[in-house]
Amino acid sequence: MAVSNNNYYGAIVVTVQGLDLLIVNLKTLKPIERVHKELLVGDSIYQHQPIDFELVNQMTDSLRGFLQLMNDYDIETYQLWGSEALSHAVNADFIRDQVFLRTGLRLSWLSISEENYYRNQAVLLNLRKHKTNENGLTHWIGINSGNTTITQFSGRSFVYSSNFSLGPVRIAEDLQSLRQSAPNSVEVLNDYIESKLTNFSRITPREAISGPSEVILLGTMPLSHLVSNEHKGRLSIKEFERLFDQAIDASDQFLMEQYGLTETEMPLLLPELLLLRRLLRLTQATSLVFSDTTVLDGLAVNESINAGFSKLDFSEQTVTDAQNIATHYRVEPVHRELVTKFALHLFDQLKSLHQLGSRERLLLQIACILHDVGGYVDAHEHYLHSEYIIQHSNIIGLSIKERAIIAAISRYHSTQTPSADLSRFRQLPTEDRLLIAKLASILRLADALDDDRQQKIKRISVSLKAPEVIITAYCNESLLFEKWEFAFKSQFFEETFGLKPQLKQRSVTAK
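The name given to the protein in an unreviewed UniProt entry is Exopolyphosphatase, with Secundilactobacillus paracollinoides as the source organism. According to the UniProt record, the Sequence similarities (unreviewed entry) comment for the protein reads "Belongs to the GppA/Ppx family."

Visitor: Sorry if this is basic, but what is going on with the overall build of the protein here?
Guide: Broken down by element type, the protein carries 23 helices and 14 strands. In terms of C-alpha radius of gyration, the protein reaches 25 Å, essentially the compact-globule figure of 24 Å for 511 residues. Looking at the protein residue by residue over its 511 residues, the buried ones come to 52%. A fraction of 71% describes how many contacts in the protein between residues 6 or more apart in sequence connect residues 24 or more apart. Surface accessibility of the protein: about 23600 Å² in total, with carbon and sulfur atoms responsible for 48%. Counting 51 positive and 61 negative side-chain charges, the protein places the averaged centre of each group 9 Å from the other.

Visitor: Can you help me understand the packing of helix H8 (residues 185–196) against helix H13 (residues 266–282) in this one?
Guide: Packed helices, taken two at a time, are described by the angle their axes make and the gap between the axes. At a minimum axis distance of 10 Å, the contact between H8 and H13 shows a crossing angle of 55°. Our classification of the angle between H8 and H13 gives oblique. Handedness of the crossing formed by H8 with H13: right-handed. Taking contact as the criterion, the partners of Ser185, Val186, Leu189, Asn190, Ile193 and Glu194 in H8 are, on H13, Leu270, Pro271, Leu274, Leu275, Arg277 and Arg278.

Visitor: Any chance you could explain the pairing of strand S6 (residues 137–143) here in plain terms?
Guide: Remember that side chains alternate between the two faces of the sheet whenever the strand is regular. For S6, the buried fraction is high: seven of the seven residues fall into the buried class. Neither face of S6 is open: one carries Leu137, His139, Ile141 and Ile143, the other Thr138, Trp140 and Gly142, and all of them are buried. Bridge count for S6 against strand S7 (residues 148–154) is seven bridges, and the pairing is antiparallel. Bridged to Gly142 within S7 is Thr149. Hairpin connection from S6 to S7: four residues lie between these consecutive antiparallel strands.

Criteria and thresholds
Residues numbered from 1 in each chain as written. Predicted model: local features only at pLDDT ≥ 70, side-chain atom pairs only at ≥ 80, totals over all residues. Heavy atoms only, no water. UniProt positions renumbered as here; feature names shortened; annotations may be inferred. Helix = DSSP H or I, 4+ residues; strand = E, 2+ residues; numbered from the N terminus. Rg over C-alpha atoms; globule rule 2.2 N^0.38 Å. Buried < 20%, exposed > 50% of the residue type's maximum accessible area, 1.4 Å probe, protein only. Contact = heavy atoms within 4.5 Å. Areas by Shrake-Rupley, 256 points an atom, 1.4 Å probe, with all protein chains shown as cover. Lys, Arg positive; Asp, Glu negative; His and termini not counted. Charge placed at Lys NZ, Arg CZ, Asp CG, Glu CD. Axes fitted to C-alpha atoms, helices over the stretch in contact; angles between N-to-C directions. Parallel < 35°, antiparallel > 145°, perpendicular 65-115°, else oblique. Left-handed = near helix turned anticlockwise from the far one by under 90°. Pairing = 2+ DSSP bridges.

Structure representation (structure tokens):
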């Protein structure tokens, strides 16, 4: 839909704990309305049971109320998302269908990596606005019902991001009988959390910066109730430890009366406190800042960018995360960078041919960075291993669909092509098949130009002269092998675009 004249935008997110609506002015990013409707479905999801359709009825009733509110504001642009945790419900597809039939809203699933990415956008924007944390080391910890994300920033620069399938609701559901059956529930919970975080150091990339840091805490509602106004959302580690000791020793009744915690929040408080204490130690935190920034705020920022009200670009987080993954799987960096350089140059020069945009360019860039990760498993048919690794890697800012597209591009960068693997390729929607074919054919050309990993070619130029695409390689060495490999890998480009690539050579010193 077109953006309404008042520039208002409505973002709705459905999670395992409820529904949230944000109405915002895209031009100023000023919030107009925030609405929360509690709807607890975590019991069903984490026990692998279908969500009761009475809860679905409540969900659709709340959504109709949201629609009426947005209609009152004359809002024409709005979107509905569902959290990744909700998408794992046994009957998630039926829920999605019922939401559409009853409200007309199309539910799009957000991956954990997208939730983290969008929330980061909003936090970065707030930090820039208030000119805080410009140079220091920070860890942003996002805790939701069943997942925890840890993102490290050095000043404003993204360093790395990690995800764990661990959150207060998931912990509470996994160990729901613990408080009744275990003699020391705190000790057993500590052991449980420790077992889930044992891989933290192992998966932390080499680029991670060690040392004291400040933690910005996102999405921790039960704990935030315990922070008094005098702290103004900031605690030293000593203050947190005192708060922790008080809360651990207090009764549920006292916490509910003293801090206004609800009955539904109480089972989440202990898991959240224990999880956070362990994370603070792992990140060497010196202080703790509470932020009320949510994924809704980030979605609004992203929509503002898409609408042209902002020129901010946060895609460097996605690129850096992909580079971290490539380094982890020991991808040869010089070849990786040269292939990426050639592929993006081809993409830019052939825009009139492929008619793709900046988002597709980013997908190609990520595919270039990651196309050889499968060599870590086995050099033989490494492209198959690359596909698997990419599909099962969380890359910040990418949807599950985009990750699958990048995995397919990487699969077809080498000997196989979609045309030779039609039984698999035909399962994809036509639009996705075309996109994969276009980007994979470009990557194949770029990869052929440095197939022997000797970096003979310093730069290339591209010209369209139908029925050919002339690629001129500037090089003073023999390119017999490259020309042979190029002739093979360029066949799929010709199938895709109907133009035959020709590789020509010129001396580097030639004018």
